[in-house]
Amino acid sequence: MRVSYIASCVAAVCLVVAYSSMANARTLRAAHSHVEDQATDLSFKEFGKKLSELSGGDLQVTVFANGQLGGEREVAEQVLNGAIDISMVGGQLIENFYPPYATTNIPYLFRDYDHVKKFIKSDVARKYLLDATADKGFIGLWFETCGPRSFYSKKPINTPADLNGLKMRVPESPMSINTVKLLGGQPTPMSSSEVYSALQQGVIDGAENNFEFYVQSRHCEVAPYWNQDMHSMPPNVVIMSEDTYESLSEQEQKWVHEAADYARDFQMKMYDDTLEQLYKQAESLGIHVNMIDPKPFAEKTSSILDEEMKKSDRVDLIKAIQAIK
């Protein structure tokens, strides 16, 4: 009887401690515009699990997917003003909040996909970009792989001349706009959510993005030619509000970075597995994968790199990226 009483008391104490811990737990709000159970969404959830594990449950993460809290620009702005804690920002949009990020969008700066993946895990990425915005309203937690960007269209594109006069959707990125201009196309900035209907109605002739987005957004239904020129490979970036970060203890900040590295590696592997599967499905989806020579495209856009090398806030980063082996 006494043993049973003691056991009951111990259980009651444990329950009180558990409820107390839950009451003291802090929940971070994270948002992104990608679909649920895709690489970005699952990596956010893995980040939350790891952070909870490291903090003993004191730090939790609630993930809002599918643009529930707004598009990429909207959630990024909410991070900067402290309304939410974490968001994913596209590799082309982030330059609007910290211009040196535009460096990763320079046409043909990265030699190949392996080069950009090495950059993502390098000290170069953290020194020059992720940690460089601590006084700009946000810090970078990790970069995401999102695959090389190429043009997709209603008809094949084999040379820059084939882009002449074509209205090509681009994100709100000065670098992307300039790239399409130099190739002879007419850059048409618009939200990614508007692209399907714009292609369907002939408002635009094509767009540029990565292969995963092209397939999963079903843009391949209205623009069946994937013209693989791989003109840029800017990785997406996950950012945290400066206010949120500064409110964490030094130990909590270390946990955040450890969980971020874990989520980064998880996302990279899952994304590559997804990409491989999507390419295998291309033919059955009616996609014409048009493998083209990128050299004429690189030559046409080489002036962008030349101009970026003249900027004091970019040149060291460019050289550091080029030096990654």
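Summary of the structure given here. In this text the structure is predicted, and so the values were computed from the model without any measurement.

### Things to note about the nonpolar core
Step number 1: Among the nonpolar cores identified, the biggest contains 58 residues, and Tyr101, Phe119, Phe143 and Phe211 are the most heavily contacted of them.
Step number 2: By size, the runner-up hydrophobic cluster in this structure holds 20 residues, among which are Leu59, Val61, Trp142 and Val238.

### Some thoughts on the packing of helix α4 (residues 113-120) against helix α10 (residues 250-281)
Step number 1: Viewed as axis vectors pointing N to C, α4 and α10 meet at an angle of 165°, and their least axial separation amounts to 11 Å. Put simply, α4 runs roughly antiparallel to α10. In terms of crossing hand, the pair formed by α4 and α10 is right-handed. On α10, the residues touching Tyr113, Lys117 and Ile120 of α4 are Arg264, Met268, Tyr271, Asp272 and Leu275.

### Remarks on the sheet that holds strand β4 (residues 138-144)
In a beta sheet, neighbouring strands pair by backbone hydrogen bonds and run either parallel or antiparallel.
Step number 1: Judged by pairing direction, the sheet is mixed, and its five strands sit side by side in the order β2-β1-β3-β10-β4 without closing on themselves. At either margin of the open sheet sits one strand with a lone partner, and together these are β2 (59-64) and β4. The average angle at which neighbouring strand axes cross in this sheet is 25°, direction not considered.
Step number 2: The pairing of strand β3 (residues 86-89) with strand β10 (residues 236-241) spans four bridges and is antiparallel. Following the sheet pairing, Val89 is matched in β10 by Val237.
Step number 3: Against the sheet, helix α2 (residues 39-54) makes contact with β1 (26-31), β2, β3, β4 and β10, and its axis sits at roughly 165° relative to β2, the strand it touches most.

### Quick word on the pairing of β4
Step number 1: In terms of burial, β4 is largely enclosed, as seven of its seven residues are buried.
Step number 2: Here β4 pairs with β10 via six bridges, running antiparallel. In the strand pairing of β10, Phe143 is matched with Val237.

### Looking at the sheet that holds strand β5 (residues 149-153)
Step number 1: A sheet is described by the order of its strands in space; here six strands give the open sequence β7-β6-β8-β5-β9-β11, paired in mixed fashion. At either margin of the open sheet sits one strand with a lone partner, and together these are β7 (186-189) and β11 (288-291). Within this sheet the neighbouring strands show an average axis-to-axis angle of 35°, counted without direction.
Step number 2: Pairing between β5 and strand β8 (residues 206-210): five bridges, direction antiparallel. Paired with Arg149 across the bridge in β8 is Asn210.
Step number 3: The sheet contacts of helix α6 (residues 174-182) involve β5, β6 (167-170) and β7, and relative to β7 the element is tilted by about 155°.

### Re the packing of aromatic side chains
For any pair of aromatic rings, the description consists of the separation of the ring centres together with the inter-plane angle of the planes.
Step number 1: In total, this model carries 12 aromatic pairs according to the counting rule given.
Step number 2: Centroid distance Phe110 to Phe119: 5.6 Å. Interplanar angle 50°. Geometry classified as tilted. Of the two residues, Phe110 and Phe119, both sit in the buried class.
Step number 3: Between Tyr152 and Tyr214, the aromatic rings sit 4.6 Å apart at their centres with planes inclined by 40°, giving tilted as the arrangement. In this pair, Tyr152 is assigned in strand β5 and Tyr214 in helix α8 (residues 211-216), connecting sequence segments 62 residues apart.
Step number 4: Looking at Tyr152, the relative accessible area reads 1%, which means it is buried.
Step number 5: Judged by its relative accessible area of 0%, Tyr214 falls in the buried class.
Step number 6: Among the aromatic residues, those joined into a cluster by ring pairs are Tyr98, Tyr101, Phe110, Phe119 and Phe143.
Step number 7: The positively charged end of Lys50 is found above the aromatic ring belonging to Tyr262, 4.6 Å away from the centroid.

Calculation criteria
Residues numbered from 1 in each chain as written. Predicted model: local features only at pLDDT ≥ 70, side-chain atom pairs only at ≥ 80, totals over all residues. Heavy atoms only, no water. Core = buried A, V, L, I, M, F, W, Y, C linked by side-chain atoms within 4.5 Å. Buried < 20%, exposed > 50% of the residue type's maximum accessible area, 1.4 Å probe, protein only. Axes fitted to C-alpha atoms, helices over the stretch in contact; angles between N-to-C directions. Helix = DSSP H or I, 4+ residues; strand = E, 2+ residues; numbered from the N terminus. Parallel < 35°, antiparallel > 145°, perpendicular 65-115°, else oblique. Left-handed = near helix turned anticlockwise from the far one by under 90°. Contact = heavy atoms within 4.5 Å. Pairing = 2+ DSSP bridges. Phe/Tyr/Trp six-rings, centres within 6.5 Å; stacked < 30°, edge-to-face > 60°. Lys NZ or Arg CZ within 6 Å of the ring centre and 35° of its normal.

Purely geometric numbers; function is a separate question.
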